[in-house]
There are 2 protein chains.
Amino acid sequence: MTTITIVGSGNVAHHLAQAILSLESNAFVLKQIVARNKSNWTIHHSQLQVADQWENLSPTDWVFICVKDEAIHEVSKQIPWKNALLLHTSGSTSVDVISAEQRGVWYPLQTFSKSTPVKWKEIPIALEVNDSGNLAKLLELANLLSDHVAVLSYEQRLRLHLAAVFSCNFVNHLYHISDQLLQKEQLSFEWLLPLIKATTEKLQYVSPKEAQTGPAVRNDSNTINKQLAQLPEKEREIYQLLTNSIQQYHLKNE
Amino acid sequence: MTTITIVGSGNVAHHLAQAILSLESNAFVLKQIVARNKSNWTIHHSQLQVADQWENLSPTDWVFICVKDEAIHEVSKQIPWKNALLLHTSGSTSVDVISAEQRGVWYPLQTFSKSTPVKWKEIPIALEVNDSGNLAKLLELANLLSDHVAVLSYEQRLRLHLAAVFSCNFVNHLYHISDQLLQKEQLSFEWLLPLIKATTEKLQYVSPKEAQTGPAVRNDSNTINKQLAQLPEKEREIYQLLTNSIQQYHLKNE
């Protein structure tokens, strides 16, 4: 049996706690939550203790540090258990910011919101450990939760996080821009939902390169110029830059 | 009964023909395809004649002109039937480029590929006619095919097409950039699919503004600078511009 503490009370802490508590196997047992503000914690369970300090807590085998990137180092220094494996869950942070002999990374590639249930089976998890002796057990838990687990280097994890910013955060912002453009003509964003759905469903069959359509890739300068003329300055800049980039990608790869 | 001719042999022509031929009602009957290159046409049906010129064809009530935007005007001039309603299917073209007394627009908001089946029920269709006498019948066919039909002005249709470029074509290019970024670290694009799915599924519950996450919106300059440093010049420009835009949108709307 591997005993576990989670530090933090944010989205990742909540979803990870929920997932471990829901396991049928009792090979991994969540014992404690340590959160500065205990009232933020909303998951209650008979076996689970919620604390706001480290004193008087029993050591566990593992500690998941689910706090902001810049706080990971400080939090790791406060953990008083010499033999515990300390893990952080950040995409862009080196395993070595953790001040402990046994340290690792458990990076779930997903956007978490407390109110939205997550499908752990589908969430890719990238693992890293400084001591390979810990790997088998870590893989065991990861594979219980998800169907997509891999051990990645720091460089690979950074790259994954970077790509996620393009494919999730920036994509969502393009939806936001679209929403604003439509509002000016009293059109609902709902108009776009079927197209958005089709655009992402395509990716299950073809690569993004093959899936590219639109005025830029077919070099339809008539439509491009017409559309540029409809846009406010900032959005015009984005349109121009992405159009150029599409044309470069498809030119240079031909 | 309304009889129909379709001009063109591209993606829109094929999917529209398929949809009309599949209707249970016989209120709308597809009689003819007119395509410059008849061998491009792949849908065969007992009631359907495929021709490469207008001579010797019987007039139909409607003609869908499914050709490139810049060819619509010329094609409309070749159609020898004075009483037919001529329709184009373009998002960015005025109804008035059609040279005919009765003219209209039938704009399906979707990316069509011949090999991918489309769910017409989900595809929004924007209609426009110059003579409102034609509207009832046009709405009747549109409503048979789709659950999302509306009469839009040219301005609104232009706006819809513009927003579609942001939410489909540009979004897909961000996937393409992500794919390239991952390839450099020997990572498969598959890593991102669950995140991409979750990002679009969110939109059924919250607005794009509310859905925004990531380093830009939480003003995490540490991560932003780290990520900028990992990018080649052109991608860095895109990262910087979209990050600035996210911060402006969330600042100015607060």
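Reading the values: rules and limits
- Per chain, the residues get numbers from 1 upward, laid out in the order the sequence is written.
- The naming scheme follows written order: chains are lettered A onward, ligands numbered 1 onward.
- Reporting of local features is limited, given that this is a predicted model, to residues whose pLDDT is at least 70; pairs of side-chain atoms are given and counted only at 80 or more, and all residues count toward the totals for whole chains, interfaces and linings.
- Note: side-chain values were computed over all heavy atoms of the structure, leaving out hydrogens and water.
- Only DSSP runs of H or I covering at least 4 residues are called helices, and only runs of E covering at least 2 are called strands; the numbering of each starts at the N terminus.
- The reference for a compact globule is 2.2 Å times residues^0.38; the radius of gyration itself is calculated from the C-alpha atoms.
- When a residue's accessible area, from a 1.4 Å probe over protein chains only, is under 20% of the maximum for its type it is buried; when over 50% it is exposed; and in between it is partly exposed.
- A contact between two residues is defined here by any heavy atoms of the two lying within 4.5 Å.
- Computed by Shrake-Rupley with a 1.4 Å probe, the accessible areas treat only the displayed protein chains as cover when residues are assessed.
- For this count, His and the chain ends are skipped, Lys and Arg are scored as positive, and Asp and Glu as negative.
- Working definition for charges: the position is that of NZ of Lys, CZ of Arg, CG of Asp or CD of Glu.
- Along the arc lie the directions from the helix axis toward the C-beta atoms.
- The quantity reported as buried area is the accessible area (1.4 Å probe) lost by two parts once they are put together, taken as the sum for both.
- The term salt bridge refers to a side-chain nitrogen of Lys or Arg lying within 4 Å of a carboxyl oxygen of Asp or Glu.
- Whenever two N or O atoms come within 3.5 Å, that pair is a polar contact, provided that in protein one can donate a hydrogen and the other can accept it, and provided that, for residues adjacent in sequence, both atoms are side-chain atoms.
- Each residue carries a pLDDT score, the predictor's confidence in it, ranging from 0 to 100.
- Here a pair means two rings of Phe, Tyr or Trp (six-membered ring of Trp) with centres within 6.5 Å. Their orientation is stacked below 30 degrees between planes, edge-to-face above 60, and tilted elsewhere.
- At least two DSSP bridges between two strands are needed for those strands to be called paired.
- Axis geometry follows a simple rule: fit a line to the C-alpha atoms, using only the stretch in contact for helices, then measure angles between N-to-C directions, giving values from 0 to 180 degrees.

### Comments concerning the overall build of chain A
Then, in step 1: The helix and strand inventory of chain A stands at eight helices and eight strands.
Then, in step 2: Here chain A has a C-alpha radius of gyration of 23 Å; the compact-globule value for 254 residues is 18 Å, and the former is much larger.
Then, in step 3: Each principal axis of the C-alpha distribution contributes one length, and for chain A these read about 70 × 40 × 35 Å.
Then, in step 4: Expressed as a percentage of the 254 residues in chain A, the buried residues total 56%.
Then, in step 5: Within chain A, contacts between residues at least 6 apart in sequence are counted, and of these 55% link residues at least 24 apart.
Then, in step 6: With an accessible surface of roughly 11,400 Å², chain A has 46% of that area assigned to carbon and sulfur atoms.
Then, in step 7: Distance from the positive charge centre (22 side chains) to the negative charge centre (25 side chains) of chain A: 2 Å.

### Points about helix α3 (residues 135–145) of chain B
Then, in step 1: Residues L138, L141, A142 and L145 of chain B constitute the buried set of α3 of chain B. Take α3 of chain B and look down its axis: the buried residues cluster within an arc of 95 degrees, on one side only.

### Structural notes on the interface of chain A and chain B
Then, in step 1: The interface of chain A with chain B comprises 86 residues on the first partner and 86 residues on the second.
Then, in step 2: Interface area for chain A against chain B, summed over the two sides, is near 8,800 Å², with a carbon-plus-sulfur share of 65%.
Then, in step 3: When residues of chain A are sorted by the area they lose upon contact with chain B, R159, F166 and W191 of chain A head the list and together hold 9% of the total.
Then, in step 4: There are four salt bridges connecting chain A and chain B.
Then, in step 5: For E201 of chain A, the salt bridge identified is with K119 of chain B, shortest N-O distance 3.9 Å.
Then, in step 6: Here chain A is connected to chain B by 26 residue pairs in polar contact (both at pLDDT 80 or more).
Then, in step 7: Residue contributions to the side of chain A that touches chain B peak at 28 residues, all from helix α4 (residues 154–183) of chain A.

### Re the confidence of the model for chain A
Then, in step 1: Of the residues in chain A, 99% have a pLDDT of 70 or more, and the chain-wide mean is 94.
Then, in step 2: We note a pTM of 0.90 for the whole complex and an ipTM of 0.91 for its interfaces.

### Digging into the packing of aromatic side chains
Then, in step 1: Inspection of the entire model under this criterion finds 16 aromatic pairs over all chains.
Then, in step 2: The interplanar angle of 45 degrees and the centroid separation of 5.6 Å between the aromatic rings of F28 of chain B and W62 of chain B together place this pair among those described as tilted. Of this pair, F28 of chain B sits in strand β2 (residues 28–34) while W62 of chain B sits in strand β4 (residues 62–65), and the two are 34 residues apart along the sequence. Note on accessibility: F28 of chain B and W62 of chain B belong to one class, buried.
Then, in step 3: Counting every residue linked through ring pairs, the aromatic cluster contains F28, W62, F64 and W106 of chain A.

### A short note on the sheet that holds strand β6 (residues 102–108) of chain B
Residue and element names in this part refer to chain B.
Then, in step 1: One open sheet accounts for eight strands, arranged β3-β2-β1-β4-β5-β6-β7-β8; its pairing is mixed. Looking along the sheet, the strands with just one partner apiece sit at the ends: β3 (49–51) and β8 (149–151). In this sheet, adjacent strand axes meet at a mean angle of 25 degrees when their direction is disregarded.
Then, in step 2: In this sheet, strand β7 (residues 125–129) lies alongside β6 in antiparallel orientation, the contact comprising five bridges. Paired with G104 across the bridge in β7 is V129.
Then, in step 3: Contacting β1 (2–7), β2, β4, β5 (85–88), β6, β7 and β8, α3 runs over the sheet at an angle of about 170 degrees to β7.

### Some details on the environment of I4 of chain B
Residues and elements named next belong to chain B.
Then, in step 1: Relative to the elements of secondary structure, I4 occurs in strand β1.
Then, in step 2: What makes I4 buried here is its relative accessible area of 0%.
Then, in step 3: Between the C-alpha atoms of I4 and F28, which are 24 residues apart in sequence, the distance is 7.2 Å.
Then, in step 4: When near neighbours in sequence (up to four residues on either side) are disregarded, I4 contacts I20, F28, V29, L30, K31, Q32, T60, W62, F64 and L141.

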